[in-house]
Amino acid sequence: MKKLFLILILLLQIPTTFGNNQNEDPSSKKIIGTWYSDQNHSTKWVFSSDGKVSNFINNAFKVMYHYNISHSCQNNSDDTIEYLTLMDKDGNEFCFKINGINENKNGILSLTNMSNMETLVFVNNIKAGN
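These numbers come from a predicted model, not from an experiment. The numbering scheme is per chain: residues are counted from 1 as the chain's sequence reads. Two thresholds apply to this predicted model, a pLDDT of at least 70 for residue-level local features and 80 or more for giving and counting side-chain atom pairs, whereas whole-chain, interface and lining totals are computed over all residues. No hydrogens and no water enter the side-chain calculation; it runs on all heavy atoms of the structure.

**Concerning the packing of aromatic side chains**
Thinking step 1. Ring pairs are drawn from Phe, Tyr and Trp, using the six-membered ring of Trp, whenever the two centres fall within 6.5 Å, and their geometry is named by plane angle: stacked under 30 degrees, edge-to-face over 60, tilted for the rest. For the structure on display, the rule yields six aromatic pairs.
Thinking step 2. Centroid distance Trp45 to Phe122: 4.6 Å. Interplanar angle 35°. Geometry classified as tilted. Of the two residues, Trp45 is situated in strand E2 (residues 43-47) and Phe122 in strand E10 (residues 118-124); the sequence distance between them amounts to 77 residues.
Thinking step 3. Two conditions define a charge sitting above a ring: the NZ of Lys or the CZ of Arg must be within 6 Å of the ring centre, and it must be within 35 degrees of the ring normal. Over the face of the ring belonging to Phe56 we find Lys44, whose NZ or CZ atom lies 5.4 Å from the ring centre. Counting from the N terminus, the helices are DSSP H or I runs at least four residues long and the strands are E runs at least two residues long.

Below, the structure is given as structure tokens:
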């Protein structure tokens, strides 16, 4: 009976283990690095692994935010959508829907600003050529 129970548990774990794309990096890992505004390469966001993102214009530091990637942001919540939340030093939150991060290694970060539904496109440092 114990063997049958163990086999049943193992069988239930197979879809969980093999159903996930284990080769796919999570968004929190894919976003790390330097991203340049597609419209103006002098504007860049630098995401670090410690949950901070720094904004630069013409290589001059402008502002730093703490960031978080999750399935909810402000009044938005969806288990199938990832959101990027930026929080400034005063506790103000800025919410972005993640449309894609370096999909198929295309070097593009696409976000939708949830406050005005504007799409923001960034390219990584390799594609920007800077």
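**Details of the state of the cysteines**
Thinking step 1. The term disulfide is used for any two cysteine sulfur atoms that are within 2.5 Å. Inspection of every chain in the model, using the stated rule, returns one disulfide.
Thinking step 2. A sulfur-sulfur distance of 2.3 Å marks the disulfide that ties Cys73 to Cys95. With Cys73 in strand E5 (residues 72-73) and Cys95 in strand E8 (residues 93-101), this residue pair connects regions lying 22 residues apart in the sequence.
Thinking step 3. A residue is classified by how much of its surface remains accessible, and Cys95, at 4% relative accessible area, is buried. Each residue gets one of three labels from its accessible area relative to the maximum for its type: buried under 20%, exposed over 50%, partly exposed in between, using a 1.4 Å probe on protein chains only.

**Some words on the environment of Tyr83**
Thinking step 1. Examined against the element boundaries, Tyr83 turns out to sit in strand E7 (residues 83-87).
Thinking step 2. Given the relative accessible area of 5%, Tyr83 is considered buried.
Thinking step 3. Along the primary structure Tyr83 and Ser72 are separated by eleven residues, whereas in three dimensions their C-alpha atoms are 6.1 Å apart.

**Considering the pattern of salt bridges**
Thinking step 1. When a carboxyl oxygen of Asp or Glu is within 4 Å of a side-chain nitrogen of Lys or Arg, the pair counts as a salt bridge. In this structure the tally under the stated criterion is two salt bridges.
Thinking step 2. With a shortest N-O distance of 3.9 Å, Lys29 and Asp25 are connected by a salt bridge.
Thinking step 3. Residue classification places Asp25 among the partly exposed residues on the basis of a relative accessible area of 36%.
Thinking step 4. Residue Glu103 pairs with Lys30 through a salt bridge whose shortest N-O separation is 3.7 Å.

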